[in-house]
Structures are given as C-alpha cells and as structure tokens.
Amino acid sequence: EGAAALDRVAVAMKPAYREAMVQPVASTWYPEAALHDAFHAVHVAVYRGDLARFKKMIEGATNLGMQRFFRALIGITTPSFYLKNFPTVVGQLRRGPARVEVEVEPASKSAVVRFVDMPFSDDALYHAATIAGFDIVFAVMGHPNPRIVLSAATASSYEMTLAWT
C-alpha cells in the first residue's frame with residue numbers, strides 16, 4: 001500500500017505505539033496493546049473497515065514473513081502434527097499468561113484450538129488474523145482452504161474449530 005498508507009496508519013495509532021509502527025526495533029518486545037492498536041489503525045486507515053481486505057493483508061504478511069526453513073518444515077508436515085505443536089509456536093511468539101490448547105482428531109481431520117488468557121480475544125480483527133495465518137500455513141502444507149469457524153469468544157479467550165481435507 002506504500003508510504004502514504006504507512007503515514008495514515010501512524011496518524012491513526014495512539015501516540016504511545018506510533019514509534020513501533022514507524023521505526024520498529026526487531027529486538028524490542030512490544031506490548032500486545034501495540035499490536036491491537038496497529039490492527040485497528042490499519043483496518044480503518046488503509047482498508048476503511050473492510051475485514052476481507054484486512055484478512056488478505058495478514059495472509060500476505062504471513063506468507064512473506066515465513067522464512068525458507070520454516071516453509072520447508074511446514075511443507076513436509078501434516079496439519080495434525082503442526083497443530084499439536086502450535087502451542088509451542090505461540091509460546092515463542094507471545095509473552096504473559098496467554099496460552100493455546102489444541103485437541104486434534106486426526107481420523108476426522110479436525111481440531112479445536114483454544115486461545116486462553118489472551119488479551120483482546122473478542123476482537124474480530126484478531127479472529128481474522130488467526131484465520132489468515134492458518135489459511136497460509138495449511139496452504140503451504142498442501143491443504144488449502146481449511147474450514148475454520150469461530151466457535152466461541154469472550155474478552156479473555158476464543159476458540160476455533162478447524163477441518164481440512
């Protein structure tokens with residue numbers, strides 16, 4: 001979307017988090033509220049509230065951000081194996097009490113994924129970002145277009161059911 005879009009996003013963000021968007025430092029751990037603010041600023045300032053376009057942007061960022069080694073690993077694994085290890089992945093990316101619980105049913109090619117003690121769990125942009133991430137990872141695994149349904153959401157947790165072919 002270009003530099004003009006980044007400028008609009010920065011203006012839409014809370015002053016406390018603007019620096020994280022304009023001049024991010026890779027070694028700095030930003031609070032979850034900074035991601036929340038960035039999601040909303042991008043959604044409004046760039047995509048004018050269009051959730052489908054926001055989700056497409058997250059898919060693109062996920063696809064670009066997936067390093068060659070991780071892409072190769074994902075490409076040779078199964079959805080069941082990936083999902084069983086997904087709590088470890090999230091544990092490396094998040095700080096605080098948030099955790100992920102996963103119940104995988106390999107025979108039915110389905111799973112339930114619960115995000116527990118996760119800030120902003122009732123936020124539709126978080127749900128869209130989670131679905132976008134799963135969409136890309138499943139496509140890399142050779143299982144495009146998984147069926148992902150938000151089953152439940154509260155202020156501190158949300159649950160998604162996934163099914164794949």
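Each chain has its residues counted from 1, running along the sequence as written. Local features in a predicted model are, by the rule used here, given only for residues with pLDDT of at least 70; side-chain atom pairs are given and counted only at 80 or more, and totals for whole chains, interfaces and linings are based on all residues. Side-chain metrics in this entry use all non-hydrogen atoms of the structure; hydrogen atoms and water are not considered.

Turning our attention to the pattern of salt bridges. Working definition: two side chains of opposite charge can pair if their charged atoms are close together. Should a side-chain nitrogen of Lys or Arg be within 4 Å of a carboxyl oxygen of Asp or Glu, the pair is scored as a salt bridge. Overall, the coordinates contain eight salt bridges when judged by the stated rule. In this structure, the salt-bridge partner of Glu59 is Lys56, at a minimum N-O distance of 3.6 Å. Pair noted here: Glu59 and Lys56 are both in helix α4 (residues 51-65), with a separation of three residues, about one helical turn. Among the ionic pairs, Glu159 bridges to Arg114, the shortest N-O distance being 2.9 Å. Placement of Glu159 in strand β4 (residues 157-163) and of Arg114 in strand β2 (residues 110-116) is noted, with a sequence separation of 45 residues between them. Owing to a relative accessible area of 22%, Arg114 belongs among the partly exposed residues under this scheme. By sharing partners, the salt bridges in this structure join Lys55, Lys56, Glu59 and Asp135 into a single network. In this text, helices come from DSSP runs of H or I with a minimum length of four residues, and strands from runs of E with a minimum of two, each type numbered from the N-terminal end. Whether a residue is buried, partly exposed or exposed follows from its accessible area with a 1.4 Å probe, protein chains only, as a fraction of its type maximum: under 20%, in between, or over 50%, in that order.

Attention now goes to the pairing of strand β1 (residues 99-105). Should DSSP find at least two bridges between two strands, the strands are taken to pair. As paired elements, β1 and β2 share seven bridges and run antiparallel to each other. Each residue of the ladder has a partner; that of Arg99, found in β2, is Val116. Following β1, the chain reverses through four residues before pairing antiparallel with β2; Lys109 in that reversal takes a positive phi of roughly 50°.

With that settled, the discussion passes to the sheet that holds strand β3 (residues 147-153). The strand order across the open sheet built from four strands is β1-β2-β4-β3, with neighbouring strands paired in antiparallel fashion. Strands with a single pairing partner mark the edges of an open sheet, and in this sheet they are β1 and β3. Strand after strand, the sheet turns through a mean of 15° between neighbouring axes, direction not considered. Pairing analysis gives seven bridges linking β2 to β4, with the strands arranged antiparallel. Every axis corresponds to a line fitted to the C-alpha atoms, with the helix fit spanning only the stretch in contact, and the corresponding angles, defined between N-to-C directions, vary from 0 to 180 degrees.

Note that all results are geometric; they support no functional claim without further evidence.
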